[in-house]
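What the coordinates show
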Amino acid sequence: SWTDRANNLWLYGGVDNLGNFYGDLWKYAISTNEWTWMHGANTLNTPAVYGTLGLTAAANTPGGKQVYCSWTDLAGNFWIFGGLDFNGYSMNDLWKYDPNPASPTYNQWTWVKGPSTGNDPGNYGAKCVSTNNNTPHSRMENRARVQDACGNLWNFGGVGYGAAYFNLNDLWHYNISTD
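Every value quoted in this text rests on a predicted model; they were computed, and no experiment measured them.

Moving on: the overall build of the chain. Counting its regular elements, the chain contains zero helices and 13 strands. Shown N-terminal to C-terminal, the secondary structure of the chain runs as helices and strands in the order β-β-β-β-β-β-β-β-β-β-β-β-β. Over its C-alpha atoms the chain spans a radius of gyration of 16 Å, differing by no more than 12% from the 16 Å that the globule rule assigns to 179 residues. Overall, the C-alpha framework of the chain stretches about 50 × 40 × 30 Å when taken along its three principal axes. Looking at the 179 residues of the chain, the share that counts as buried comes to 43%. Restricting the contact set of the chain to residue pairs at least 6 apart, pairs at least 24 apart contribute 44%. For the chain, the exposed surface amounts to about 9300 Å²; the carbon and sulfur share of it is 55%. Side chains of the chain carry 9 positive and 13 negative charges; the gap between the two charge centres is 6 Å.

Rendered as structure tokens:
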């Protein structure tokens, strides 16, 4: 969930008590006490539509997922990393959503990083060395997330999946400006 610059509350996805996953995005305007359905399907268990990596498109969507990590960047865009998708896969995909009505990419998602498949082991590379090949292990229920004053997105821990679920104890940061 997020709060935008106009102090509206935003909610994405989730799961109901029957195990159905939602991939819809809603905005709640505190000033008018009204909900607005903004993006995503009005059906259950919708798959992600990745489109082309790095390209914003109206059809793109992270699909039905829950327990993902979320941030709001310095420009006011919303970000989602990982989570559990409706197929039961732990994910490590990174998405950006544009809530700015004045923007040409308004109300659209961009698949920014990570694979489109689940339960991915990631690529750790060398500690403290940023490269385009590094990708965190797929995860859900991230333990901590912050954005620093430079706009970097930070993520610590979570629950990963391999042959079984296990706790992750790793710290990652994503630099938006250098991708």
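From this point, the narrative continues.
Enumeration over the complete set of coordinates arrives at zero disulfides. Looking at the unpaired Cys69, the closest cysteine sulfur is the one in Cys150, lying at 18 Å.

As defined by bridge partners, strand E11 (residues 144-147) adjoins strand E12 (residues 153-161) across four bridges and the pair is classed as antiparallel. Its bridge partner being in E12, Ala144 is matched across the sheet by Phe156. Connecting E11 to the antiparallel partner E12 that follows it, the hairpin turn spans five residues, and Gly151 within it adopts a positive phi of roughly 95°. Bridging between E12 and strand E13 (residues 165-174) involves eight bridges; their strand directions are antiparallel. Across the sheet, Gly158 pairs through a bridge with Leu168, a residue of E13. If you look at the hairpin formed by E12 and E13, you'll find three residues sitting between the two strands.

Moving on to the pairing of strand E9 (residues 90-97). By the criterion of burial, E9 is predominantly enclosed, with seven of the eight residues buried. When strand E8 (residues 78-85) meets E9, the two strands line up antiparallel, connected through six bridges. Counted as the bridge partner of Phe78 is Tyr97 from E9. Here E8 hands over to E9 after four residues, with Gly88 in that stretch at a positive phi of 85°. Two elements, E9 and strand E10 (residues 109-113), share four bridges in a ladder whose sense is antiparallel. In the sheet register, Trp95 faces E10, and the bridge partner there is Trp111.

Turning next to the pattern of salt bridges. What the rule picks out here adds up to three salt bridges. Across the pair Asp93 and Lys65 runs a salt bridge, and its minimum N-O distance is 2.9 Å. With a gap of 28 residues between them, Asp93 in strand E9 and Lys65 in strand E6 (residues 65-66) connect regions that are remote in the sequence. Residue class for Asp93 comes out buried when judged on its relative accessible area of 0%.

Attention now goes to the packing of aromatic side chains. Under the definition given, this model contains 16 aromatic pairs. With a centroid separation of 6.1 Å and 65° between ring planes, the pair formed by Tyr12 and Tyr68 is classed as edge-to-face. With Tyr12 in strand E2 (residues 9-15) and Tyr68 in the loop between E6 and strand E7 (69-72), this pair connects stretches of sequence that are 56 residues apart. Classification of Tyr12 by relative accessible area gives buried; the value is 2%.

Conventions used here
- Residues numbered from 1 in each chain as written.
- Predicted model: local features only at pLDDT ≥ 70, side-chain atom pairs only at ≥ 80, totals over all residues.
- Heavy atoms only, no water.
- Helix = DSSP H or I, 4+ residues; strand = E, 2+ residues; numbered from the N terminus.
- Rg over C-alpha atoms; globule rule 2.2 N^0.38 Å.
- Buried < 20%, exposed > 50% of the residue type's maximum accessible area, 1.4 Å probe, protein only.
- Contact = heavy atoms within 4.5 Å.
- Areas by Shrake-Rupley, 256 points an atom, 1.4 Å probe, with all protein chains shown as cover.
- Lys, Arg positive; Asp, Glu negative; His and termini not counted.
- Charge placed at Lys NZ, Arg CZ, Asp CG, Glu CD.
- Disulfide = S-S within 2.5 Å.
- Pairing = 2+ DSSP bridges.
- Salt bridge = Lys/Arg side-chain N within 4 Å of Asp/Glu carboxyl O.
- Phe/Tyr/Trp six-rings, centres within 6.5 Å; stacked < 30°, edge-to-face > 60°.

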